[in-house]
Amino acid sequence: MKIPSSIWTLLIGIVLTLASLWYGQNHGLLPAAATDEAVLVDGLFNAMMIVSTGIFLIVEGVLIYSAFKYRRRAGDNEDGPPVEGNIPLEILWTAIPAIIVIGISVYSFDVYNEIGGFDPHAIHEAPMMNQESMAMPGSAMAATLSDTPPSTEPNLNQEKSDEAMQDPATAEVRNADQVPQLRNAPGVGSVAPTIGGTPDKAGKPAQLQVNVTGLQYAWIFTYPETGITTGEMHVPIGREVEINMTANDVIHAFWVPEFRLKQDAIPGRQSEIRFTPKTAGDYVLICAELCGPYHGAMRAPVVVESEEAFGKWMQEQLVASKETLNQAVAVNPANLSPHEFLAPYTKDMGIKPEILHQVHH
């Protein structure tokens, strides 16, 4: 019994649909999703893979079938019959791709909005980086070396100022408004487009802020609440994180593949990304913008951990900062005054001695 072509078309369509649905959900092309936002992006990517797989199988299937069925037979030296066109078919293969493209565009916009990317007012309303968290490093060092006896109770402000002594170079990097090329750049202080909070969190402050500075060829992370500055980023699971970033020299790009978010760090401007980590692990921050000959090596570790582990890490950083300060004071062989001892650092950072002397007293 000959099976009608309509039945064959239906059966082939069912097989192609099932194959596309399966591969679109099991392609294995993406790394593990480590944020809440990544789930939304993965849904869009999977939908595009389903559609792409179906189109690929249909097109390649028709090509292979046609090449086999209409191949030239032995002894056939005649031309094939001329084909003038098929208006209904041309309308069909124009309308279907148009519908698919429009559908994916609407879906993409919805995902972009859900992850907080669409906020036309953010560029005008977004706050700049907290300048208190970027206090002049000389002031912090002077306050740290003041004659006030240390308290026996933990002092967050003291530990915060101790951090500035850890590395004057990174402390200077943290102060973007002190960098000449940023201070004099046109548009300085303006806010670049952002990926802000999700619609349900719009207008609410993030639970954790991290200031990020990109420079050739490293990332510097500062936690404004504690003043900790490190070369690696730690964030806790379940807490919304706001990344405020800028660049010291050229355009860099903040990209962690597992987070599914990417944003440029632009000299003289502040960019923002918000995300909520959900999967513990060690990840890698990659610069996704060609920034120089060593661009490929511009990476930094990103650790997503439990709230307890994050708190322990923060405390370790504060203790390490204080120990570094004590070591710096201990190697003062000539018993110099604080402003004399810090003069080489403050000179390199453009800090006037009278400002240091005023803060110290």
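(A) View of the pattern of salt bridges. By the definition in use, this model includes 6 salt bridges. A salt bridge links Glu240 to Arg274, with the shortest nitrogen-to-oxygen separation between them at 3.6 Å. Here the residue Glu240 occupies a position in the loop between β5 (233-236) and β6 (241-247), and Arg274 occupies one in strand β9 (residues 269-275), the gap between them amounting to 34 residues. Here Glu240 falls in the buried class, since its relative accessible area comes to 5%. Salt bridges sharing partners connect three or more residues here, namely Glu240, Glu242, Glu272 and Arg274.

(B) View of unusual backbone geometry. Each neighbour pair has its own omega, and for Gln216 with Tyr217 the value is 0°, a cis peptide bond. One non-glycine residue, Arg260, adopts positive backbone phi at about 65°.

(C) Representation of the sheet that holds β5 in the model. Across the sheet, 5 strands lie side by side as β5-β11-β10-β7-β8; this open sheet has mixed pairing. Of all the strands in the sheet, the pair left with one neighbour each is β5 and β8 (261-265). Adjacent strand axes in the sheet meet at a mean angle of 25° when their direction is disregarded. The pairing of strand β7 (residues 252-256) with strand β10 (residues 281-287) spans 2 bridges and is classified as antiparallel. Across the sheet, residue Phe254 finds its bridge partner in β10, namely Cys287.

(D) Layout of the layout of surface pockets. Taken as a whole, the largest pocket spans an internal volume of roughly 670 Å³. When contributions to the lining of the largest pocket are tallied by element, the ones reaching two or more residues are α1 (5-25), α2 (36-69) and α3 (87-114). No other element matches the 7 residues that α2 contributes to the lining of the largest pocket. Among the residues making up the lining of the largest pocket, the classes are represented as 14 nonpolar, 4 polar and no charged. Reported here for the second largest pocket is a volume of approximately 520 Å³. Taken together, Ser5, Trp8, Thr9, Ile12, Gly13, Leu16, Leu57, Ile58, Gly61, Val62, Tyr65 and Ser66 make up the lining of the second largest pocket. Going through the elements one at a time, α1 and α2 are the ones with two or more residues in the lining of the second largest pocket. Residues belonging to the lining of the second largest pocket are distributed by class as follows: 7 nonpolar, 5 polar and no charged.

(E) Looking closely at the packing of α1 against α2. Their axes nearest at 8 Å, the elements α1 and α2 cross at an angle of 140°. In terms of orientation, α1 lies oblique with respect to α2. When you trace α1 past α2, the crossing you get is right-handed. Contact residues: Leu16, Ala19, Ser20, Leu21, Tyr23, Gly24 and Gln25 in α1; Asn46, Met49, Ile50, Thr53, Gly54, Leu57 and Ile58 in α2. Class assignment of the residues belonging to the contact of α1 with α2 gives a composition of 8 nonpolar, 6 polar and no charged.

(F) Inspection of the side chain of Thr35 at higher detail. Structurally, Thr35 can be placed in the loop between α1 and α2. The buried category is assigned to Thr35, whose relative accessible area is 0%. Among the polar contacts made by the side chain of Thr35, one reaches the main-chain amide nitrogen of Ala38 at a distance of 3.1 Å. Apart from residues lying up to four places away in sequence, Thr35 is in contact with Glu258, Phe259, Phe275, Thr276, Pro277 and Lys278.

(G) Spatial organisation of the packing of aromatic side chains. Enumeration over the complete set of coordinates arrives at 7 aromatic pairs. Pairing Tyr223 with Phe310 gives two aromatic rings, centres 6.4 Å apart and planes at 50°, and the pair type is tilted. With Tyr223 in strand β3 (residues 218-223) and Phe310 in helix α9 (residues 307-330), this pair connects stretches of sequence that are 87 residues apart. Pairwise contacts between aromatic rings join Tyr223, Phe310 and Trp313 into one cluster.

Calculation criteria
- Residues numbered from 1 in each chain as written.
- Predicted model: local features only at pLDDT ≥ 70, side-chain atom pairs only at ≥ 80, totals over all residues.
- Heavy atoms only, no water.
- Salt bridge = Lys/Arg side-chain N within 4 Å of Asp/Glu carboxyl O.
- Helix = DSSP H or I, 4+ residues; strand = E, 2+ residues; numbered from the N terminus.
- Buried < 20%, exposed > 50% of the residue type's maximum accessible area, 1.4 Å probe, protein only.
- Pairing = 2+ DSSP bridges.
- Axes fitted to C-alpha atoms, helices over the stretch in contact; angles between N-to-C directions.
- 1 Å grid on protein atoms, 1.4 Å probe; cavity = no way out; pocket = protein on both sides within 12 Å on 5 of 7 lines; lining within 4 Å.
- Points joined across faces, edges and corners; volume = space filled by probe spheres on them.
- Nonpolar A, V, L, I, M, F, W, Y, C, P; charged D, E, K, R; others polar.
- Parallel < 35°, antiparallel > 145°, perpendicular 65-115°, else oblique.
- Left-handed = near helix turned anticlockwise from the far one by under 90°.
- Contact = heavy atoms within 4.5 Å.
- Polar contact = N/O pair within 3.5 Å; in protein donor to acceptor, adjacent residues only side chain to side chain.
- Phe/Tyr/Trp six-rings, centres within 6.5 Å; stacked < 30°, edge-to-face > 60°.

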